[in-house]
Amino acid sequence: RDPLSPFTKKKSVIVHMFQFLLAASSVAAIFFKHRQQNKYKMSGKFTGFLVNEKGGKLVKGEYAPPPLGERDIDIAVTHNGLCHTDCHMRDNEWGVTQYPFVPGHEVVGTVKAIGKLVTQFKVGERVGYAWIKDSCGSCRNCVKGEENICVAGYTGLITMGGNGGFQPVMRAPAAFAFKIPDALDSVSAAPLLCAGITVYSPLKAHMNRPGMKVGVIGVGGLGHMAVKFAAAMGAEVYAISTSPDKEAECKKMGADHFVVSSEAETKLSSTLDLIINTVSAKNDYTKQLTMLANDGTLCLVGLPVEDVVIPVTGLVFFQKKVVGSIVGGRKDMIEMLELAAVKQIKPTCETMPLSQVNEAMAKVEANKARYRIVLTTDI
């Protein structure tokens, strides 16, 4: 005789049916997820805003990306900081542009797919990409986390035909993706990946004592971040700008002093220990050298297309230095993001939809951005 009562048998059948349905729904969900992940891969084309010729407008179009490599990831792009460099690259002002290409090198999004040898990321994690996407990985600088000065030369995200973040999905090597700290929102995180690291690295390299007098020339996308980081790192900060109406904002950002550019040579003569020059247009380096105290350093992070002309006597007799700095390696990037998260050092941003990228670029070139435009993906 069956020891189970009719009620117990009925209950057992219901439980098994429920378990079966639950398992079936789980299988269906996994199948649907993989189908959705693979859908865009199988199409063979990515959509984005491309530049097709020197000086041309960005237009929405398609291109065929290389296959997802073993060490690559795809990210679903949500935010892009708009850097003046994107304008330089659009117009091939540095001679490293190859058309067509997708600009954008302050990229934040979530991991959408991973190559089979990628272990440091999982689908759904929030990451960012910056100016560099690859390096040799084995030279004396790369092994120290200073890939920005790779002996063999690094590969830029958007140089020589590389495609950046002005698209819904971007494919790039996983090695140069950075996890975004939870304490940083995506709008704030995007500009840190270029503007932030570009000023953090030289400040770290050249600020060798507390209370140094640090001047920041040009309070725009780069400069306003230099003011914020220099203040957080213990400097006495001098903001130097052509725009008098920026004084109140600069002091809110942490500047101790504000000087209009036309008066800086007189007011700051032999005063500053370090100058971070963020200007990407032609400017007077001879006058800037007079603002330096003996043994002071003028560091150029902006990239005007003109050559630098300076008097040698001022360098020699007063032991002044002129140096350059290009973004930063992975070591500095991780430090900078951690510092920004802990101290809540965030860029001052305005947002625009990616579909208005040409209008946004015009605003940057007219010096009307306050202080970094972040493009939100809407295509």
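The structure contained in this document is the topic of the report that follows.

Thresholds, definitions, all that
Residues numbered from 1 in each chain as written. Predicted model: local features only at pLDDT ≥ 70, side-chain atom pairs only at ≥ 80, totals over all residues. Heavy atoms only, no water. Helix = DSSP H or I, 4+ residues; strand = E, 2+ residues; numbered from the N terminus. Buried < 20%, exposed > 50% of the residue type's maximum accessible area, 1.4 Å probe, protein only. Contact = heavy atoms within 4.5 Å. Patch = residues over 30% accessible without salt bridge, like charges linked within 9 Å, V, L, I, M, F, W, Y side chains within 5 Å. Areas by Shrake-Rupley, 256 points an atom, 1.4 Å probe, with all protein chains shown as cover. Salt bridge = Lys/Arg side-chain N within 4 Å of Asp/Glu carboxyl O. Disulfide = S-S within 2.5 Å.

## Things to note about the side chain of Thr-297
Here is step 1: Tracing the sequence through the fold places Thr-297 in strand β14 (residues 292–300).
Here is step 2: Given the relative accessible area of 7%, Thr-297 is considered buried.
Here is step 3: If we ignore the near neighbours within four places in the chain, the residues touching Thr-297 are His-206, Asp-273, Leu-274, Ile-275, Leu-292, Lys-321 and Val-323.

## Concerning unusual backbone geometry
Here is step 1: For the peptide bond that leads from Tyr-99 to Pro-100, omega is -10 degrees, which places it in the cis range.
Here is step 2: Relative to the helices and strands, Pro-100 resides in the loop between α2 (84–90) and β4 (107–114).
Here is step 3: Cis rather than trans, the peptide bond between Arg-370 and Tyr-371 has omega equal to -10 degrees.
Here is step 4: Relative to the helices and strands, Tyr-371 is located in the loop between α10 (357–365) and β17 (372–376).
Here is step 5: Unlike most non-glycine residues, Gln-319 shows phi in positive territory, near 50 degrees.
Here is step 6: Along the chain, Gln-319 turns up in the loop between α8 (312–317) and β15 (321–324).
Here is step 7: Residue classification places Gln-319 among the exposed positions, given a relative accessible area of 54%.

## Brief notes about a nonpolar patch on the surface
Here is step 1: Taken together, Val-312, Val-316, Phe-317 and Phe-318 make up a surface patch of nonpolar side chains, about 460 Å² in accessible area.
Here is step 2: Relative to the assigned elements, Phe-318 resides in the loop between α8 and β15.
Here is step 3: Note on Phe-318: relative accessible area 42%, which makes it partly exposed.

## Focus on the state of the cysteines
Here is step 1: A full pass over the atoms with the stated rule returns 0 disulfides.
Here is step 2: The thiol of Cys-87 is not disulfide-bonded; the next cysteine sulfur, from Cys-83, is found 8.2 Å away.
Here is step 3: Under the relative-accessibility criterion, Cys-87 is labelled buried at 1%.

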